[in-house]
Amino acid sequence: MEKAKIRWYTEEPGDAAAAAGSMTALGSIDEAMIPFLLFRGNCEEAVHTYIDVFGGKIVEMKRWSDDHADMPPEQTGKVMRVEFAIGGTRMAAGDSMDGAKGNADIELIVHMDTEAEALYAMFALAEGGSVLSPLEPYDASDGHLCRSVTKDRFGLTWIITYPNPARQYICSDGIVWIE
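Scope of this entry: the structure provided in the associated data block. (Residues numbered from 1 in each chain as written. Predicted model: local features only at pLDDT ≥ 70, side-chain atom pairs only at ≥ 80, totals over all residues. Heavy atoms only, no water.)

Looking now at the environment of alanine 121. Among the structural elements, alanine 121 can be located in helix H3 (residues 115–126). Relative accessible area serves as the criterion here: at 0%, alanine 121 is assigned to the buried category. (Helix = DSSP H or I, 4+ residues; strand = E, 2+ residues; numbered from the N terminus. Buried < 20%, exposed > 50% of the residue type's maximum accessible area, 1.4 Å probe, protein only.)

As structure tokens, this is what we get:
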């Protein structure tokens, strides 16, 4: 996987309108960008659920300790930051300090190879959550996929897809999509 070059910018001195068109690069880093998921005290359970459903591993986990002066006592032992890998994707997560913030506006998409894999993921994620739309062919603009939308018990929305078998056929050179 090629690493993204992330560039950091600052506004030029002057009014905001003028500055919007003239940003100055401060520098760049050669690192991969990874999503950070924020949970309401159940981060560790969520990460283990996702690893159970999709396979993967925890790379590193750090917990809040009671040596943080301004930390609420109930935060002790919760996940400060965990990095984990699912397939070729590295992700990070943690428990919110105030317990109120979460990932309500985030949707994660996972492409599965077969209907059986997609159904397994959909039902496993829906346990304690809900299926918002069942596994079925997507609209005509993206008809080569079947998809389901599921909200898990941790508040994350998952879009699970797999190739629509009605829109493909297999030949000696591989799969050909029917448009």
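Bringing the pairing of strand E6 (residues 89–95) into the picture now. Taken across its seven residues, E6 has five buried, putting it largely inside the fold. Sheet topology note: the strand E5 (residues 79–86)/E6 ladder contains five bridges and is antiparallel. Within the sheet, the bridge partner assigned to valine 82 lies in E6 and is alanine 93. Turn length for the E5-E6 hairpin, with the two strands adjacent in sequence and antiparallel, is two residues, and the turn residue glycine 87 shows positive phi of about 60 degrees. (Pairing = 2+ DSSP bridges.)

Moving on to the nonpolar core. Formed by 30 residues in total, the largest nonpolar core has its most connected members in Phe39, Tyr50, Phe54, Phe84, Trp158 and Ile160. Of all the secondary-structure elements, those providing two or more residues to this core are strand E3 (36–39), helix H2 (43–54), E5, E6, strand E7 (107–111), H3 and strand E10 (157–163). The residues touching phenylalanine 84, leaving out its near neighbours within four places in the chain, are Leu37, Val47, Ile51, Lys57, Ile58, Val59, Thr89, Arg90, Met91, Ala92 and Ala93. (Core = buried A, V, L, I, M, F, W, Y, C linked by side-chain atoms within 4.5 Å. Contact = heavy atoms within 4.5 Å.)

What follows concerns the sheet that holds strand E8 (residues 130–137). Across the sheet, four strands lie side by side as E7-E10-E9-E8; this open sheet has mixed pairing. The sheet terminates laterally at E7 and E8, the two strands that pair on one side only. Within the sheet, the average angular offset between the axes of one strand and its neighbour, ignoring direction, is 15 degrees. Relative to E10, E7 runs parallel, the two being bridged by five bridges. Bridging across to E10, valine 110 finds its partner in isoleucine 160. (Axes fitted to C-alpha atoms, helices over the stretch in contact; angles between N-to-C directions.)

Each pair of packed helices can be summarised by the angle the axes make with each other and by the distance between the axes. Relative to each other, H2 and H3 sit at 160 degrees, their axes nearing to 10 Å. Judged by the inter-axis angle, H2 sits roughly antiparallel to H3. Crossing handedness for the pair H2 and H3: right-handed. Taken together, the residues of H3 that come into contact with H2 (itself represented by Tyr50, Asp52, Val53 and Phe54) are Tyr120, Ala121, Ala124 and Leu125. The residue inventory of the contact of H2 with H3, partitioned by class, reads seven nonpolar, no polar and one charged. (Parallel < 35°, antiparallel > 145°, perpendicular 65-115°, else oblique. Left-handed = near helix turned anticlockwise from the far one by under 90°. Nonpolar A, V, L, I, M, F, W, Y, C, P; charged D, E, K, R; others polar.)

Distances and angles like these do not, on their own, reveal function.
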